[in-house]
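Each chain, letter by letter, is given below.
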Amino acid sequence: MGNILQNIHLFRAIEAYPWELEKAVEALHYALSYDPENAKALHLMAKVYAEQLGDYEAAKTYYESALASRLDLTDIYPDYIRLLTNNEDFEEAQKVIDFAKTVKGIDKAGIALAQGQLFESMAQFEDAERALKEAKQLALNDDFISFVDNVLSRVKKKRKAQANENRILENQAKKETEAQPKSWFQNRLNNLL
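All of these numbers come straight from a predicted model, not from anything done at the bench.

Trainee: Any chance you could break down the overall build of the protein chain for me, citing the residues and the numbers?
Mentor: The helix and strand tally for the protein chain stands at 10 helices and 0 strands. Reading the protein chain from its N end, one meets helices and strands in the order α-α-α-α-α-α-α-α-α-α. Excluding contacts between residues fewer than 6 apart, the proportion of contacts in the protein chain whose partners are at least 24 apart in sequence is 46%.

Trainee: Can you lay out the packing of helix 3 (residues 39-52) against helix 5 (residues 76-86) for me, pointing to particular residues and giving the numbers?
Mentor: Between helix 3 and helix 5, whose axes approach to 11 Å, the crossing angle comes to 30 degrees. Regarding the angle of helix 3 to helix 5, the classification is roughly parallel. For the pair helix 3 and helix 5, the sense of crossing is left-handed. On the side of helix 3, the interface is formed by Ala39, His43, Lys47 and Ala50, while helix 5 contributes Ile76, Asp79 and Leu83. Classifying every residue of the contact of helix 3 with helix 5 by side-chain character gives 4 nonpolar, 1 polar and 2 charged.

Trainee: Before we move on, can you summarise the pattern of salt bridges with the specific residues and values?
Mentor: A full pass over the atoms with the stated rule returns 13 salt bridges. Linking aspartate 75 and lysine 40 is a salt bridge whose minimum nitrogen-to-oxygen distance equals 3.2 Å. Of this pair, aspartate 75 sits in the loop between helix 4 (56-69) and helix 5 while lysine 40 sits in helix 3, and the two are 35 residues apart along the sequence. In the salt-bridge network here, residues are joined through shared partners; they are Lys47, Asp79 and Arg82.

Trainee: Can you break down the environment of glutamine 52 residue by residue, with the values?
Mentor: Position of glutamine 52 among the secondary structure elements: in helix 3. It is 8.6 Å that separates the C-alpha atoms of glutamine 52 and leucine 21, two residues lying 31 residues apart in sequence. Of note is the side chain of glutamine 52, whose polar atom sits 3.2 Å from the side chain of tyrosine 17.

Trainee: I'd like a description of unusual backbone geometry, backed by residues and values.
Mentor: Put simply, tyrosine 17 and proline 18 share a cis peptide bond, and its omega is 0 degrees. If you trace the backbone, proline 18 turns up in the loop between helix 1 (2-16) and helix 2 (21-34). A positive phi angle, near 60 degrees, is found at glutamate 88, a position not held by glycine. Take glutamate 88: it is sitting in the loop between helix 5 and helix 6 (90-100). Here the phi dihedral of alanine 123 falls at roughly 60 degrees; this positive angle occurs in a residue that is not glycine. Mapped onto the fold, alanine 123 is located in the loop between helix 7 (108-121) and helix 8 (125-138). Note on alanine 123: relative accessible area 36%, which makes it partly exposed.

Trainee: Give me the lowdown on the side chain of threonine 85, citing residues and values where you can.
Mentor: Tracing the backbone through its elements, the reader meets threonine 85 in helix 5. The buried category is assigned to threonine 85, whose relative accessible area is 8%. Setting aside anything within four residues of it in sequence, one finds threonine 85 in contact with Phe90, Ala93, Gln117, Leu118 and Ser121.

Trainee: Describe helix 5, naming the residues involved and giving the relevant values.
Mentor: Among the 11 residues in helix 5, 8 count as buried, and that is most of the element. For helix 5, the elements touching its buried residues are helix 3, helix 4, helix 6 and helix 7. Count one or two residues on from helix 5 and you reach glutamate 88, which has phi positive near 60 degrees.

Trainee: Help me get a handle on the packing of helix 2 against helix 3, residues and values and all.
Mentor: Packing of helix 2 against helix 3 leaves a shortest axis separation of 10 Å and a crossing angle of 145 degrees. Helix 3 is crossed by helix 2, and the crossing has left-handed handedness. Along its contact with helix 2, which presents Leu21, Val25, Leu28, His29, Ala31 and Leu32, the element helix 3 presents Ala41, Leu42, Leu44, Met45, Val48 and Gln52. The residue makeup of the contact of helix 2 with helix 3, split by class, is 10 nonpolar, 2 polar and no charged.

Cut-offs used in this document
- Residues numbered from 1 in each chain as written.
- Predicted model: local features only at pLDDT ≥ 70, side-chain atom pairs only at ≥ 80, totals over all residues.
- Heavy atoms only, no water.
- Helix = DSSP H or I, 4+ residues; strand = E, 2+ residues; numbered from the N terminus.
- Contact = heavy atoms within 4.5 Å.
- Axes fitted to C-alpha atoms, helices over the stretch in contact; angles between N-to-C directions.
- Parallel < 35°, antiparallel > 145°, perpendicular 65-115°, else oblique.
- Left-handed = near helix turned anticlockwise from the far one by under 90°.
- Nonpolar A, V, L, I, M, F, W, Y, C, P; charged D, E, K, R; others polar.
- Salt bridge = Lys/Arg side-chain N within 4 Å of Asp/Glu carboxyl O.
- Polar contact = N/O pair within 3.5 Å; in protein donor to acceptor, adjacent residues only side chain to side chain.
- Buried < 20%, exposed > 50% of the residue type's maximum accessible area, 1.4 Å probe, protein only.

This is the structure we're talking about:
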């Protein structure tokens, strides 16, 4: 009987989220009271904390609990990776991506997209482009490919801007080096030549 009630409360939470947050959270509390390790309920509670309350540490705890309960629940990974990336927990995000790639049934294109976005967040634009191109290759629908094309376009613009900025900084450093007064030794050497 507990499993049926737990699922009814979980279904109510899923139906209410994100439009009726009070109902969703109340239903989640009921579902978790029946089974504190219900991965679906923990996942949705993590989303409430991350997306609605902005409490990333609490959300992270819920995501970790959900994955500890069920590592095979594939829809948790993209949300958790996004949270870690946005929270600048880059090393941890990379570990989750690496593990997610081994999970049977995972959306490989979605994980490749998450990898690209992680690289983009770290300003590793060449790596981001490679990951995003892989995401397009793995994609199974046109809307996803179109979205990845937009992300790829943004990353290419950032890469070009970064290259221009690096070139400007190099030129400034070169001018500063040339403008510095020469040492006594350099002056003496130049006079001898």
